[in-house]
Amino acid sequence: MDVGQMQKRLLDYMNSLLKEGILDSQFAQLQQLQDESNPDFVAEVVNLFFTDSENLINDLSNALGQQNVDFKKVDSCVHQLKGSSASIGAQRLKNTCISFRKFCDEQNLQACLMCLQEMQQEYLLLRSKLDVLLQVEKQIVAAGGSIPIMEF
Amino acid sequence: MGGNAMVKPTALVVDDNKLNRMIHGKLLDVLGIKNRAVENGEEAIEVHLSGEKFDLILMDRDMPVMNGIEATKKLRAMGIKCMIAGISSHSIGPEKEEFMEAGLDDYHEKPLTVAKLLSLVSKIKN
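Residues numbered from 1 in each chain as written. Chains lettered and ligands numbered in written order. Predicted model: local features only at pLDDT ≥ 70, side-chain atom pairs only at ≥ 80, totals over all residues. Heavy atoms only, no water.

Asker: Looking at this structure, how should I read the pattern of salt bridges?
Answerer: Pairing is possible between side chains that carry opposite charge, provided their charged atoms lie close to one another. All told, the structure shown has 12 salt bridges over all chains when counted by the stated rule. Residue Arg-61 of chain B is joined to Asp-62 of chain B by a salt bridge in which the shortest nitrogen-to-oxygen separation is 3.1 Å. Overlapping salt bridges bring together Glu-54, Arg-127 and Asp-131 of chain A as one network. (Salt bridge = Lys/Arg side-chain N within 4 Å of Asp/Glu carboxyl O.)

Asker: How do you make sense of the interface of chain B and chain A when you look at a structure like this?
Answerer: When the parts come together, some accessible area is lost, and that loss is often what is quoted as the size of the interface. Taken residue by residue, the interface counts 16 residues in chain B and 19 residues in chain A. In total, chain B and chain A occlude about 1600 Å² of area from one another, counting both sides; carbon and sulfur atoms represent 64% of this. It is Leu-19, Met-22 and Lys-26 of chain B in chain B that bury the most area against chain A; as a group they hold 37% of the surface buried on that side. Inspection of the region where chain B meets chain A yields zero salt bridges. Linking chain B to chain A there are six residue pairs in polar contact (both at pLDDT 80 or more). Counting residues per element, the side of chain B that touches chain A draws most heavily on helix H1 (residues 18–30) of chain B, at eight residues. Classifying every residue of the side of chain B that touches chain A by side-chain character gives eight nonpolar, four polar and four charged. (Contact = heavy atoms within 4.5 Å. Buried area = accessible area lost by both parts, 1.4 Å probe. Polar contact = N/O pair within 3.5 Å; in protein donor to acceptor, adjacent residues only side chain to side chain. Helix = DSSP H or I, 4+ residues; strand = E, 2+ residues; numbered from the N terminus. Nonpolar A, V, L, I, M, F, W, Y, C, P; charged D, E, K, R; others polar.)

Asker: Which parts of the structure should I look at to understand the packing of helix H4 (residues 71–88) of chain A against H1 of chain B?
Answerer: In helix packing, the relevant descriptors are the interaxial angle and the interaxial distance, both defined with respect to the helix axes. Look at H4 of chain A against H1 of chain B: their axes get within 9 Å of each other, and the N-to-C directions meet at 30°. Relative to H1 of chain B, the element H4 of chain A lies roughly parallel. As H4 of chain A runs across H1 of chain B, the sense of the crossing is left-handed. On H1 of chain B, the residues touching Gly-83, Ser-84, Ser-87 and Ile-88 of chain A of H4 of chain A are Leu-19, Asn-20 and Ile-23 of chain B. (Axes fitted to C-alpha atoms, helices over the stretch in contact; angles between N-to-C directions. Parallel < 35°, antiparallel > 145°, perpendicular 65-115°, else oblique. Left-handed = near helix turned anticlockwise from the far one by under 90°.)

Below, the structure written as structure tokens:
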């Protein structure tokens, strides 16, 4: 596959992620911040996001498993994840957080547990998609090409 | 690279979210704005008490220890007159008003983008 083909593949892939609502335009903004002086910016942000999110989801799981659930703590974790999701452009994950917070407000444990499950699924899906995306970007750069800019 | 007499503006990022600090810092870097970040309102106050000054403060609203509303009020009471922009997840309504009334010069909905930052930078008082 030559660089041009790889670039097209990347753009098609990004478009599909946008259509599915998995990522939004914020992610494209982040890609535009990457340049020769910071060639790994997107990968660094994404990896930080993965670490952060996994910790938060673990904390949530623990918090919801307690005898007396501390909904304030749960809400605080979800708030953090919502902020990170929005910053990276993870639209569906962010929306899951929004629903989650409503159930925290209502102190509805069952609904929170369901949200947590949905959150875990959305996170895993996002993670696998971003891994592919970063992989293709790496290949393009290694072949001497540049990451194409998404237009909105 | 030297001998450039033009003074570049400086900025302070106040946000409890590590990812946001990283992204906002990078946005500022790209625009050539020297910047540093702190994690909450109290640290923002401490940095100013130690004598540092900035041309622009990007203030998150919801933070532990001291939130953006309190921090903005305190900074204004301390006589800090630079541009303070509130960055929050609420777009309209009482939350925004409360934050503006604390002493903000401008307000943007998260997440911050190059365009929003450019509009802030263009308004920096010299």
